[in-house]
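Close look at the chain arrangement
Each chain, written out:
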Amino acid sequence: MDLSFTPEQEAFRRTVRRWIKTNLPARDRDVQPVEYGDPQHVQQLKAWQRKLYDAGYIAMGWPKEYGGQGADVVHQNIVNEELVLARAPALIGMMGIQMVGPTLIQFGTEAQRRRYLPKILKAEEIWCQGYSEPGSGSDLASLKTRAELVGDEFIINGQKVWTSNAQFADWMFCLVRTDPNAPKHRGISYVLIDMKAPGITVRPLIQMTGDAGFNEVFLEDVRVPRDNLIGELNQGWLVANATLLHERNMLGSTVHTQQMFNGLLRLARSHQRYGRPASADPVIRQRLADLQIRVEAMKYHGFRQLTDSIRKRPPGIGASVNKLASTELNHDITGLALEIMGSYGWLARTSRRIVARGTWPIDFMFTLGLIIGGGTSQIQKNIISERGLGMPRERSVVSDQRSAAS
Ligand SMILES: Cc1cc2nc3c(=O)[nH]c(=O)nc-3n(C[C@H](O)[C@H](O)[C@H](O)COP(=O)(O)OP(=O)(O)OC[C@H]3O[C@@H](n4cnc5c(N)ncnc54)[C@H](O)[C@@H]3O)c2cc1C
């Protein structure tokens with residue numbers, strides 16, 4: 001097994017690093033996730049993605065005709081790693097690039113790919129995901145938003161919830177019920193909805209961080225052209241699950257976790273507990289060692305996934321392992337940071353006594369959300385045990401979960 005990069009890949013990494021140093025000013029690093037932003041922040045993030053696109057660093061693995069580079073995934077991986085290491089802001093168009101984009105490449109018509117993919121890459125159109133509904137989260141196939149086909153249009157009525165970024169998204173990839181009489185996961189279709197269409201109301205929801213990152217989306221007699229259907233009518237479950245596999249991979253980044261862990265080490269060495277640095281406390285050292293072992297294990301799992309991508313194998317069960325392991329690990333890292341800081345950890349962002357600019361409590365709450373979003377840890381465990389380990393399936397419970405890929 002050879003885990004090293006080739007001289008050409010190392011040279012590419014140096015080029016990318018230089019480019020980021022020149023093009024990403026220090027003031028734009030370490031910015032909070034986009035949910036905490038205002039409209040001006042959204043514009044800045046769009047400009048940043050456009051800059052990356054113009055440099056050829058976005059979706060390098062996509063075919064050239066849709067705006068990609070036709071490059072191998074290792075190069076994109078190197079770019080992603082360097083962006084995280086430089087503390088670059090998260091890409092505002094991530095749901096387009098990582099979720100609906102790959103889905104369109106797999107299931108879209110040629111016309112749909114040419115219409116949507118280039119604008120996704122250039123951040124000209126931002127996407128959100130309309131899956132969850134009140135009462136339909138893990139049991140996603142029970143969703144009720146109804147789409148009636150009238151002539152060459154769908155007329156859509158219903159409600160979505162927890163829709164991240166809907167407050168500034170231009171488009172939503174959305175699951176709707178097109179056949180209420182079919183078994184529940186056979187009557188669903190996958191449609192693309194213009195967020196400016198009449199009949200759509202977006203209402204922000206405040207999260208425990210105090211910011212509004214996700215939303216309720218109400219749909220009242222929203223007209224959507226039949227051309228916006230992805231895949232076959234009533235076969236949306238298949239398409240939806242392809243998107244979910246990409247989402248799970250998106251939510252776990254080895255380098256990001258490594259960086260969080262390095263931040264934790266710095267905190268443990270600098271923050272005093274009982275008259276000595278926290279890192280000198282044997283109990284804390286034991287906890288740090290435990291986390292570092294998990295970080296290393298995740299790194300090697302990341303290499304395995306990279307190998308799968310290079311060999312063009314679908315993400316499969318590895319995506320669930322990645323989602324489960326990385327989101328829980330990130331939350332545990334932030335949890336230990338708060339323990340080390342003691343009472344200082346919970347000071348409000350405005351307090352002058354905050355430690356490390358007050359980011360740890362925000363990260364603690366944010367990482368908890370990611371354990372739930374994209375399918376909860378319990379659901380990932382069900383998938384891994386049933387599909388990965390071949391353990392018995394309990395049909396009544398799991399057949400229609402957010403997880404069901406078949
Ligand atoms: C930060 C964040 C961002 C999100 N963004 C989006 C978005 O952009 N678009 C979107 O559509 N949705 C989004 N969601 C919604 C998310 O997908 C759902 O919250 C998630 O799928 C869980 O559904 P639920 O909240 O209805 O919980 P429920 O399904 O009601 O689950 C409640 C609890 O029961 C457990 N549970 C349920 N079924 C089983 C089972 N069969 N076996 C074992 N345990 C089970 C769950 O693990 C959980 O602990 C987001 C959520 C969060 C937190």
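Now for a quick tour of the structure.

What to know about the site of the ligand
Close to the ligand lie 21 residues, the nearest being Ser132, Ser138, Trp162, Thr376 and Gln378. The backbone of Ser132 places a nitrogen or oxygen atom 2.7 Å from an oxygen atom of the ligand. Starting from 980 Å² of accessible surface for the ligand in isolation, the protein chains cover 69%. Sorting the residues of the shell around the ligand by element identifies helix 10 (359-372) and helix 11 (377-388) as the ones contributing at least two each. Grouping the constituent residues of the shell around the ligand by class yields seven nonpolar, 13 polar and one charged.

Structural notes on the pairing of strand 3 (residues 153-160)
In terms of strand pairing, strand 2 (residues 146-150) meets strand 3 through five bridges, oriented antiparallel. Across the sheet, residue Arg146 finds its bridge partner in strand 3, namely Asn157. By the bridge criterion, seven bridges tie strand 3 to strand 7 (residues 214-225) in an arrangement that is antiparallel. Pairing of Gln159 across the sheet is with Phe218, part of strand 7.

Re helix 8 (residues 282-310)
Taking 1.5 Å per residue as the helical rise, helix 8 with its 29 residues ought to reach 42 Å, and the 42 Å between its terminal C-alpha atoms agrees with that figure. Those residues of helix 8 lying buried are Ile284, Leu288, Leu291, Val295, Met298, His301, Gly302, Gln305, Leu306 and Asp308. Where helix 8 begins, the side chain of Asp281 points an oxygen toward the backbone nitrogen of Val283, at a separation of 2.8 Å. At the exit of helix 8 stands Lys312, carrying a positive phi of roughly 60 degrees.

Some points on the pattern of salt bridges
When charged atoms on two side chains of opposite charge get close, those side chains can pair. One pass over the structure, following the stated rule, counts 20 salt bridges. When the shortest N-O distance is used, the salt bridge between Arg17 and Glu82 registers 2.7 Å. Within this pair, whereas Arg17 is found in helix 1 (residues 7-23), its partner Glu82 is found in helix 3 (residues 73-85), the two being separated by 65 residues in sequence. By relative accessible area, which is 46% here, Arg17 ends up partly exposed. What makes Glu82 buried here is its relative accessible area of 3%. Asp308 is the partner of Arg313 in a salt bridge, and the nearest nitrogen-oxygen pair spans 2.3 Å. For Asp308, a relative accessible area of 19% gives the class buried. Among the charged side chains, a network of salt bridges with common partners joins Glu10, Arg13, Arg17, Glu81 and Glu82.

What counts and what doesn't
Residues numbered from 1 in each chain as written. Predicted model: local features only at pLDDT ≥ 70, side-chain atom pairs only at ≥ 80, totals over all residues. Heavy atoms only, no water. Near = heavy atom within 4 Å. Polar contact = N/O pair within 3.5 Å; in protein donor to acceptor, adjacent residues only side chain to side chain. Areas by Shrake-Rupley, 256 points an atom, 1.4 Å probe, with all protein chains shown as cover. Helix = DSSP H or I, 4+ residues; strand = E, 2+ residues; numbered from the N terminus. Nonpolar A, V, L, I, M, F, W, Y, C, P; charged D, E, K, R; others polar. Pairing = 2+ DSSP bridges. Expected span 1.5 Å × (residues − 1). Buried < 20%, exposed > 50% of the residue type's maximum accessible area, 1.4 Å probe, protein only. Salt bridge = Lys/Arg side-chain N within 4 Å of Asp/Glu carboxyl O.

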